[in-house]
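Descriptive analysis of the structure
Spelled out from the first residue to the last, the chains are:
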Amino acid sequence: MAKKAQLVLAYDLGGTKVHAGVVDSNGTILDEVRVPVVLEKGKAAVIEQLAQIGRNYLKKYPSIKSAGIASAGPLDPKNGVLLDPTNFVSEKGTWGRVPLAKLLAKKIKISVRLENDAAAAMLAEHWLGAAKKYDDAMILTLGTGLGTGIIASGELVRAGRGMHPEAGHVIIHHNDNSAPCGCGNLGCAEAYLSGRNFTRRARPRFAQPEYMAKDIANLARKGDPRALAAFEEYAHYMAIAIHNYVVLYAPRIIVFTGSFAEAADLFMDSTRVHLDRLLLRRRKGMDFMPKLAVSKLHNKAGLLGGAFIALNRK
Ligand SMILES: [Zn+2]
């Protein structure tokens, strides 16, 4: 008889919602819930909200012994501490340092681990998704920002001090006033490549200032030259960013995820052409050209990554 699958509690905690659920050791989601996070009520209320969701699941699935939280950062994964997360701001101000894993563990009485959400998504893609057969992989999360996660030689890549490598903030066009980044600099990869920044940069090409990324993608699919030019510019910058990531990490596959990855069919081919040129010399000794792919985990990568760290498979 097959061994009974182990169950864990998983959370994906973002700046607007929390996605929580019960996942088994095969990666099957047995139960899940998505609710707005009560950020305006402050950190104590958010931790209690996570605890409440956890208690309900623990009652229903008493065999659960551990939990994993994929959270927006910055954070210290080793000690399970949030380090004044950028997007967690309540009426009383920013959060400062919050030992989230310890505080939640105390409330729900099982062990809790914390991981950066982009790292968790990378682990999920490696466990169950497009990067399953690749021990050298990178994900690019294209949403409000440009999140990055890297696995090299089978191991999750961390920066110094236990931090997450913020590869979205490498500067790819110095002093470009058209590309202000949320981090305060000009010309970061994120300032061109996040879904939000694609829309911001593309809008002036149209008379309709209310256009969203989806509208522009629909126009591009109908052959609208303005929309196609916007995606061509996007592919140009995407290739530069990926070139830099290939030089640093040598991934065999790049997985696009996040809401803007739905438009990947509109920039992948052109990105490949530009990238081929940028990597020309590097393709002679060893072929450094990575495969470009789109995630199939949709918006479940954070939750599955949370489950992965709860299962201790890191
Ligand atoms: Zn930046």
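Residues numbered from 1 in each chain as written. Predicted model: local features only at pLDDT ≥ 70, side-chain atom pairs only at ≥ 80, totals over all residues.

Things to note about the overall build of the protein chain
Summing up its helical and strand segments, the protein chain has 10 helices and 15 strands in all. Computed over C-alpha atoms, the radius of gyration of the protein chain comes to 20 Å, within 12% of the 20 Å expected from 2.2 N^0.38 for 314 residues, which places it in the range of a compact globule. (Helix = DSSP H or I, 4+ residues; strand = E, 2+ residues; numbered from the N terminus. Rg over C-alpha atoms; globule rule 2.2 N^0.38 Å.)

Points about the nonpolar core
With 94 residues, the main nonpolar core has V8 and A10 as its most contacted residues. Residue contributions to this core peak at 12 residues, all from helix 7 (residues 225–249). Shared between two domains, this core takes at least three residues from each, and those domains are domain 1 (7–121 + 300–310) and domain 2 (130–296). Setting aside anything within four residues of it in sequence, one finds V8 in contact with V23, I64, S66, A67, G68, A307, A310 and L311. (Core = buried A, V, L, I, M, F, W, Y, C linked by C-beta atoms within 7 Å. Buried ≥ 20, exposed ≤ 12 C-beta atoms within 10 Å, placed from the backbone. Domains from an automatic or database assignment. Contact = placed C-beta atoms within 7 Å.)

Some points on the sheet that holds strand 6 (residues 81–83)
One open sheet accounts for 3 strands, arranged 5-6-9; its pairing is antiparallel. The outermost strands of the open sheet, each flanked by one partner alone, are strand 5 (75–76) and strand 9 (97–98). Alignment of strand 6 against strand 9, held across 2 bridges, turns out to be antiparallel. Across the sheet, the residue bridging to L83 is R97, located in strand 9. (Pairing = 2+ DSSP bridges.)

Some thoughts on the pairing of strand 4 (residues 66–71)
Among the 6 residues in strand 4, 5 count as buried, and that is most of the element. In this structure, strand 1 (residues 7–13) lies alongside strand 4, joined through 5 bridges in parallel fashion. Looking at the pairing, L13 lines up with S71 of strand 4. With 6 bridges connecting them, strand 4 and strand 10 (residues 111–116) associate as parallel partners. Across the sheet, S66 pairs through a bridge with S111, a residue of strand 10.

Side note on the environment of P62
Mapped onto the fold, P62 is located in the loop between helix 1 (43–60) and strand 4. Looking at P62, the number of C-beta atoms within 10 Å reads 9, which means it is exposed. Taking the C-alpha atoms as reference, P62 lies 53 Å from H274; in sequence the two are 212 residues apart.

Re the pairing of strand 14 (residues 253–257)
In summary, the side chains of a regular strand alternate between the two faces of the sheet. Buried residues dominate strand 14, accounting for 4 of its 5 residues. Where strand 11 (residues 137–142) meets strand 14, 5 bridges bridge the pair, whose relative direction is parallel. Residue pairing in the sheet places L140 in a bridge with F256 of strand 14. Pairing analysis gives 4 bridges linking strand 14 to strand 15 (residues 291–294), with the strands arranged parallel. Looking at the pairing, F256 lines up with V294 of strand 15.

Points about unusual backbone geometry
With omega at 0°, the peptide bond leading from G73 into P74 counts as cis. Within the element layout of this structure, P74 appears in the loop between strand 4 and strand 5. Even without being glycine, K109 reaches a positive phi, approximately 60°. Structurally, K109 can be placed in the loop between helix 2 (100–108) and strand 10.

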